[in-house]
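Here is how the chains run, residue by residue.
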Amino acid sequence: GKLPGPFASRLETAIIWHPAGPEEICDIVNLQYPELSDEACWAVAKYRTVPRGAVAFARLMIMAKNRDQCTWEEAADTIAKNMDLDEYGMPNRQVELLTLLGHRPISKSVLAVALKCNLEALERVILPPLLQTGLVIPTRRGYAITKAGICELDKRNILHRGEKITVEYIERKA
């Protein structure tokens, strides 16, 4: 998308990147750590969706399992807790942001105050994964949650105001 038009038109093939799913994450972890069982690889895929993060998570799991003499699932849960991840692998700060947006759109500066972080942390660490996965979208009224974001709240049994606060609903009404 950053190539100049005339140059881009000369390329015959466009490659569309599809993120790795749980099976691919398991395969990637297994390639890096062939000694890991399928159980261990699936425990990694439960918490991590990005290959580089999954490989790092697997390394920490191996260390935790050797240290604590526990199951792979227990090792994964321990590492996830230490990384402040919820049971689905989402950082608790991002869950907190979705929870806030589940009640109304909020400006970036107010989000930073509510999350007790600075704007830079919000812009560089907390928001990007939510924007990339389409759970949150900036609007003229501030950041707003999408239907997919509401589904994430539902999955975690977190109360929200329903579809009427989603970007899709707001845009339909405009």
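Refer to the structure presented above.
To keep things clear, this report deals only with the structure shown in the data block. (Residues numbered from 1 in each chain as written. Predicted model: local features only at pLDDT ≥ 70, side-chain atom pairs only at ≥ 80, totals over all residues. Heavy atoms only, no water.)

Regarding its fold elements, the protein presents 10 helices and two strands. Counting across all 174 residues of the protein, residues that qualify as buried make up 37%. Considering only contacts in the protein between residues 6 or more positions apart, those separated by 24 or more positions represent 47%. Only carbon and sulfur atoms are counted for the fraction: they give 55% of the accessible area of the protein, which is about 11,200 Å². Separation of charge centres in the protein, based on 23 positive and 22 negative side chains, amounts to 11 Å. (Helix = DSSP H or I, 4+ residues; strand = E, 2+ residues; numbered from the N terminus. Buried < 20%, exposed > 50% of the residue type's maximum accessible area, 1.4 Å probe, protein only. Contact = heavy atoms within 4.5 Å. Areas by Shrake-Rupley, 256 points an atom, 1.4 Å probe, with all protein chains shown as cover. Lys, Arg positive; Asp, Glu negative; His and termini not counted. Charge placed at Lys NZ, Arg CZ, Asp CG, Glu CD.)

This part is about the packing of helix α3 (residues 38–47) against helix α5 (residues 72–82). Contact geometry for α3 and α5: axes closest at 9 Å, N-to-C directions at 25°. The orientation of α3 with respect to α5, classified from their angle, is roughly parallel. The element α3 and its partner α5 pack so that their crossing is right-handed. Contacts between α3 and α5 involve Glu39, Ala40, Ala43, Lys46 and Tyr47 from the first element and Trp72, Glu73, Ala76, Asp77 and Ala80 from the second. Here the contact of α3 with α5 is built from residues that sort into six nonpolar, no polar and four charged. (Axes fitted to C-alpha atoms, helices over the stretch in contact; angles between N-to-C directions. Parallel < 35°, antiparallel > 145°, perpendicular 65-115°, else oblique. Left-handed = near helix turned anticlockwise from the far one by under 90°. Nonpolar A, V, L, I, M, F, W, Y, C, P; charged D, E, K, R; others polar.)

Let's shift gears to the packing of helix α6 (residues 92–101) against helix α8 (residues 119–132). The contact between α6 and α8 brings their axes to 10 Å, and the two run at 70°. The angle between α6 and α8 places the two elements in the roughly perpendicular class. Where α6 approaches α8, its residues Arg93, Gln94, Leu97 and Leu98 are matched on the opposing element by Leu122, Val125, Ile126, Leu127, Pro129 and Leu130. The residue makeup of the contact of α6 with α8, split by class, is eight nonpolar, one polar and one charged.

A separate point is unusual backbone geometry. Note: most residues except glycine have negative phi, and most peptide bonds are trans. Backbone geometry places Gln69, a non-glycine residue, at a positive phi of 50°. Assignment of secondary structure puts Gln69 in the loop between α4 (51–68) and α5. With a relative accessible area of 66%, Gln69 lands in the exposed category. Of note, the phi angle at Lys116 is positive, near 55°, even though the residue is not glycine. Secondary-structure assignment places Lys116 in the loop between α7 (108–114) and α8.

Before going further, it helps to spend a moment on the pattern of salt bridges. Two side chains with opposite charge may pair up if their charged atoms get near one another. Per the stated rule, a full pass over the model turns up 10 salt bridges. Glu152 is the partner of Lys155 in a salt bridge, and the nearest nitrogen-oxygen pair spans 3.3 Å. Of this pair, Lys155 and Glu152 are both found in helix α9 (residues 147–155), three residues apart, which corresponds to roughly one turn of the helix. Between Glu152 and Arg156 there is a salt bridge; the shortest N-O distance is 2.6 Å. (Salt bridge = Lys/Arg side-chain N within 4 Å of Asp/Glu carboxyl O.)

Right, let's talk about the packing of aromatic side chains for a bit. Two aromatic rings, taken as a pair, are described by how far apart their centres are and by the angle between their planes. One pass over the full model with this rule turns up one aromatic pair. The ring of Trp72 carries the charged tip of Lys65 above its face, separated from the ring centre by 5.2 Å. (Phe/Tyr/Trp six-rings, centres within 6.5 Å; stacked < 30°, edge-to-face > 60°. Lys NZ or Arg CZ within 6 Å of the ring centre and 35° of its normal.)

What follows is about the pairing of strand β2 (residues 142–145). Taken together, the four bridges between strand β1 (residues 136–139) and β2 define a ladder with antiparallel strand orientation. Paired with Ile137 across the strands is Ala144, a residue of β2. The turn joining β1 and β2, which pair antiparallel and follow one another in sequence, is formed by two residues. (Pairing = 2+ DSSP bridges.)

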